[in-house]
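Below are the chains, spelled out letter by letter.
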Amino acid sequence: MQISLLAFNHLLGQHPGVRAELAAHAGRRVAITLPPLTVSGVITDAGFLAACQGSPEATVRLSHGAVLTALSGQPAGMGNVAFDGDGVLASSLAALLSRLHWDAEEDLSRIVGDSVAHRVGRTVRSALGVKGEIGGRLLESWIEHLRDEVPLLARRQDVAQFVAAVDTLRDDSERLQKRLAHLEALASTPNKKLS
């Protein structure tokens, strides 16, 4: 079994709620890519991934911007995630991925105990204190720069407006197609009036 699959399953083990939702897709083959790493497998009934043969039905491709955004505490934007294959499965998988985070303190507690792990975690957080805050603000500024100055990232409002416009266009198109079908049916019947 590949190390990345083991690490991913370990991360899933820390999130029983995510695993329960993932188990709803049991038997489906998926892949998650964050270059240069790829995790792929079949979803088990327990909500883990198991190694399997064959190509994935859905692939979620994460950009490094998604990781940077997650580190800043923000949700990943659609520009940071790409889907291949079954779109419904891939979008569901991406939503579940956004809720995963590594609880390093929990892992450390298995080795040195809860008390020591908590102290180490508190020490690391306090050591990062100002430096961590400065780094976080720099990261936020960089992401804002990418979004505003160099349009590599889309703003959430812009994406929402675009999606709404596409939905409106789709609905209008469907209404027009139904109206045309109705008019064709009326035209093929000579005794009915057009309405």
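This report concerns the structure included in the present document. Keep in mind that what you see is a predicted model, and the values were worked out from it rather than measured. (Residues numbered from 1 in each chain as written. Predicted model: local features only at pLDDT ≥ 70, side-chain atom pairs only at ≥ 80, totals over all residues. Heavy atoms only, no water.)

Observations regarding helix H4 (residues 87-97)
- Three or more residues of H4 are buried, namely Leu89, Ala90, Leu93, Ala94, Leu96 and Leu97. Along the axis of H4, the buried positions cluster into a sector of 160 degrees, meaning they face one direction only.
- Looking at where H4 begins, the residue whose side-chain oxygen comes 3.1 Å from the main-chain nitrogen of Val88 is Asp86. (Buried < 20%, exposed > 50% of the residue type's maximum accessible area, 1.4 Å probe, protein only. Helix = DSSP H or I, 4+ residues; strand = E, 2+ residues; numbered from the N terminus. Arc of directions from axis to C-beta. Polar contact = N/O pair within 3.5 Å; in protein donor to acceptor, adjacent residues only side chain to side chain.)

Looking at the pairing of strand S4 (residues 58-62)
- Pairing between strand S1 (residues 29-34) and S4: four bridges, direction parallel. Its bridge partner lying in S4, Thr33 is registered against Arg61.
- Bridge analysis of S4 against strand S5 (residues 81-85) gives five bridges, and the strand direction is antiparallel. Bridging across to S5, Thr59 finds its partner in Asp84. (Pairing = 2+ DSSP bridges.)

Remarks on helix H2 (residues 16-23)
- All of the buried residues in H2 are Val18, Arg19, Leu22 and Ala23. Buried positions in H2, seen along its axis, are confined to an arc of 140 degrees and lie on one side of it.

A few points about the pairing of strand S2 (residues 37-43)
- Relative to S2, S1 runs antiparallel, the two sharing six bridges. Residue pairing for S2: Leu34 is matched across the bridge by Leu37.
- Following S1, the chain reverses through two residues before pairing antiparallel with S2.
- Examined bridge by bridge, S2 and strand S3 (residues 49-50) share two bridges and lie antiparallel to one another. Bridge pairing in S3 places Ile43 opposite Leu49.
- Between S2 and S3, which follow one another and run antiparallel, lie five residues, and Gly47 among them has a positive phi close to 90 degrees.

Comments concerning a nonpolar patch on the surface
- Residues Phe162, Val163 and Val166 make up a contiguous nonpolar surface patch of about 280 Å² in total accessible area.
- With respect to the secondary-structure elements, Val166 resides in helix H7 (residues 156-188). (Patch = residues over 30% accessible without salt bridge, like charges linked within 9 Å, V, L, I, M, F, W, Y side chains within 5 Å. Areas by Shrake-Rupley, 256 points an atom, 1.4 Å probe, with all protein chains shown as cover. Salt bridge = Lys/Arg side-chain N within 4 Å of Asp/Glu carboxyl O.)

So, the sheet that holds S4
- In space, the five strands of this open sheet follow the order S3-S2-S1-S4-S5, with mixed pairing throughout. The two strands at the open ends of the sheet, each matched to only one other strand, are S3 and S5.
- In this fold H4 packs onto S1, S4 and S5, with an angle of close to 45 degrees to the strand it touches most, S4. (Contact = heavy atoms within 4.5 Å. Axes fitted to C-alpha atoms, helices over the stretch in contact; angles between N-to-C directions.)

A short note on the pattern of salt bridges
- Tallying each qualifying case throughout the model produces six salt bridges.
- A salt bridge links Arg28 to Asp86; its shortest N-O distance comes to 2.5 Å. One end of the pair, Arg28, is in the loop between H2 and S1; the other, Asp86, is in the loop between S5 and H4, with 58 residues separating them in the sequence.
- Each of Arg28, Glu57 and Asp86 takes part in a single network of salt bridges with overlapping partners.

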